[in-house]
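Structural description and commentary
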Amino acid sequence: MSDFLGHCRDAIGAANVVSASAEIAPHVADWRGRKNGKALAVLKPASTSEVAQIVRLCARFEVPLVPQGGNTGLALGGIPDERGNAIVLSLTRMNRIRGVDPFNNTMVVEAGCILETVRAAAASGGRLFPLSIGSRGSCTIGGNLATNAGGTAVLQYGSMRNLCLGIEAVTADGEIWDGLRALRKDNTGYDLRDLLIGSEGTLAVITAAVLKLVPIPASKRTVLMALRSVEDAVHLLELCQRRCGAMLTGFELMSSYALDLVARHFPAMRSPFNRKHPYCALLELSDPESDQHASALLESLASAATELGLLLDAAVASSEQQSGALWALREHIPLAQAAEGGNIKHDIALPISHIPGFVQATNQTLEETYPGCRIVCYGHLGDGNLHYNVMPAEPINPAIEETISRLVHDGVARFNGSFSAEHGIGAMKVEELCAYRPAVELSMMRKIKQALDPQNILNPGKILTDPRP
Ligand code: FAD
Ligand code: S2G
Ligand code: ZN
């Protein structure tokens, strides 16, 4: 094995082959602290050709590799297992913005670019890169592509899959594929770009991408609306979509208990309302015309919602700072949950019309089966993605986690939803994939994996069960 690491040092420089356990530690720990893996080393190449050299060495010495960006993933996809025979391939040194093209509304970035940095570079080029997720300060574009990240703007701009026109990647045998075409139409055979997006490091190592940009809206308005039920939230969403169309760029649901947790762990962050409401919806309007037009639209929306008896209260942000404070409330829910302690997370997607029925039925079943359990229900209602997290009164152990998740996911299946909306499968939901997807789908996925990574060195054990013992 020292031979392998020796060749790696020759390829990318000894300083970029990290084998001290203290330096490896953060790369093998999961953000939520649920699991720790083991790694031979962490390798940090600086260019696509260096990545290709490392992958060729891994193929030659049969060393599994786990591509890693910001390590903010929530499905244990970016950390190695406990065998200790894999290397972590960190793309963080590949962080150049290769160019912004405002007339083509595209930019080319390397995989290790931090999402926030990319958004800032787009803004200085007079454009918006619309992907927005709570981890934007540390997640990377390579990880966003590999997990097909979603976030709060999907209802208008789509997930990462919709925001990428081209990809550069290194295949399992160390070949470089330059697919960095900045074209909106390109019908030339199988869509390899879309095959790699969402493949979670199991089919290729993504090294760069062409991203889609949109014009910066003339006006952005944020409003928090207090509601009595999930059903009213769905009716409010329908009203907003009917009246605002493409200008509705955010619609997040938050339960009262979710906001209680934020207030408990982040006392400076408070709901703007002077009384509790069962649910709140955080809306964002992006208006290409003007502030006046946006304010008028918001006003007509609030009065229509009041006439329909949907609105219990509303707080309109009148400054960037107030808008930021409302978004901070929303984005601190996962952090407040982490501070509160163990919870069983579910990242589910449902047809929007089925969401009230699912929440009502599942809340009831959980309350009957696990009296005293607390449910943190929040998320991207605008695109049908709920974070439906359960905190049982009993201490969480693998058995209770499995039972509760099976109950939630069976409910999702009954309401024609998906057990993984945006966080992917990783190592965490491999069994769910086998349980909830038909055999033909699994067989097609296995054939693709076998064709593109016959040695199974790319992130083995993620998405699909590892065929090796
Ligand atoms: P990592 O965690 O490093 O890796 C994730 C996966 O991608 C792994 O399987 C890894 O092997 C693979 N990978 C990484 N880089 C590459 C590459 N260059 N080539 C091939 N494979 C690669 N996610 C959402 O979708 N929506 C949200 O709203 C959201 N909110 C979040 C909020 C918080 C507070 C946190 C901590 C996370 C949140 N996430 C969310 C999850 C996470 O941020 C995303 O999945 C993100 O896309 C991961 O990016 P990363 O660079 O950290 O990837
Ligand atoms: C979000 C992330 C976190 C979680 O906040 O939108 O995707 O803990 C989630 O579920
Ligand atoms: Zn989310």
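To be clear, the structure that these remarks concern was listed above.
No experiment lies behind these values; they were computed from the predicted model shown. (Residues numbered from 1 in each chain as written. Chains lettered and ligands numbered in written order. Predicted model: local features only at pLDDT ≥ 70, side-chain atom pairs only at ≥ 80, totals over all residues. Heavy atoms only, no water.)

1. Some remarks on the site of ligand 1
Surrounding ligand 1, one finds 35 residues, the nearest of these being Pro67, Gly69, Thr72, Ser135 and Thr140. Per-element tally for the shell around ligand 1: the top contributor is helix 5 (residues 141–146), with four residues. (Near = heavy atom within 4 Å. Helix = DSSP H or I, 4+ residues; strand = E, 2+ residues; numbered from the N terminus.)

2. As for the sheet that holds strand 10 (residues 205–212)
Across the sheet, five strands lie side by side as 5-6-10-8-9; this open sheet has antiparallel pairing. Two strands in the sheet have a free side with no partner beyond their single neighbour: strand 5 (97–101) and strand 9 (176–179). Sheet twist, expressed as the mean angle between neighbouring strand axes with direction ignored, is 15 degrees. When strand 5 meets strand 6 (residues 106–110), the two strands line up antiparallel, connected through four bridges. From the neighbouring strand, Val100 faces strand 6, where its bridge partner is Met107. On top of the sheet, helix 3 (residues 48–61) reaches strand 5, strand 8 (164–170), strand 9 and strand 10; it is set at about 50 degrees to strand 8, its chief contact. (Pairing = 2+ DSSP bridges. Axes fitted to C-alpha atoms, helices over the stretch in contact; angles between N-to-C directions. Contact = heavy atoms within 4.5 Å.)

3. Considering the site of ligand 2
Surrounding ligand 2, one finds Arg32, Leu74, Arg330, Pro334, Lys345, Tyr378, His380, His387, Glu422 and His423. Between an oxygen atom of ligand 2 and a side-chain N or O atom of Lys345, the distance comes to 2.7 Å. In the environment of ligand 2, an oxygen atom lies 3.0 Å from a nitrogen or oxygen atom belonging to the side chain of His387. Computed on the free molecule, ligand 2 has an accessible area of 290 Å², of which 86% lies beneath the protein chains in the complex. Considered class by class, the residues forming the shell around ligand 2 number three nonpolar, three polar and four charged. (Polar contact = N/O pair within 3.5 Å; in protein donor to acceptor, adjacent residues only side chain to side chain. Areas by Shrake-Rupley, 256 points an atom, 1.4 Å probe, with all protein chains shown as cover. Nonpolar A, V, L, I, M, F, W, Y, C, P; charged D, E, K, R; others polar.)

4. Quick look at the pairing of strand 18 (residues 385–391)
For strand 18, a buried count of seven out of seven residues is recorded, marking the element as mostly surrounded by other parts of the structure. Side-chain alternation along strand 18 places Asn385, His387, Asn389 and Met391 on one buried face and Leu386, Tyr388 and Val390 on a second face that is also buried. Sheet analysis places strand 16 (residues 347–349) next to strand 18, joined by three bridges and oriented antiparallel. From the neighbouring strand, Asp347 faces strand 18, where its bridge partner is His387. (Buried < 20%, exposed > 50% of the residue type's maximum accessible area, 1.4 Å probe, protein only.)

5. Notes on the pattern of salt bridges
Within this structure, the stated rule accounts for 22 salt bridges. Residue Glu110 is joined to Arg96 by a salt bridge in which the shortest nitrogen-to-oxygen separation is 2.8 Å. With Glu110 in strand 6 and Arg96 in the loop between strand 4 (87–90) and strand 5, this residue pair connects regions lying 14 residues apart in the sequence. Look at the salt bridges and you will find they share partners, linking Arg96, Arg98, Glu110 and Glu168 into a network. (Salt bridge = Lys/Arg side-chain N within 4 Å of Asp/Glu carboxyl O.)

6. Let's talk about the nonpolar core
Among the nonpolar cores identified, the biggest contains 47 residues, and Leu236, Phe251, Leu283, Leu366 and Tyr388 are the most heavily contacted of them. For this core, the leading source of residues is helix 8 (residues 230–244), giving eight residues. Discounting residues that sit within four places of it in the chain, Leu283 has contacts with Arg221, Thr222, Val223, Met225, Leu236, Cys240, Gly250, Phe251 and Leu301. The next biggest cluster of nonpolar side chains, apart from the first, holds 30 residues, and it includes Ala149, Tyr157, Met160 and Leu196. (Core = buried A, V, L, I, M, F, W, Y, C linked by side-chain atoms within 4.5 Å.)

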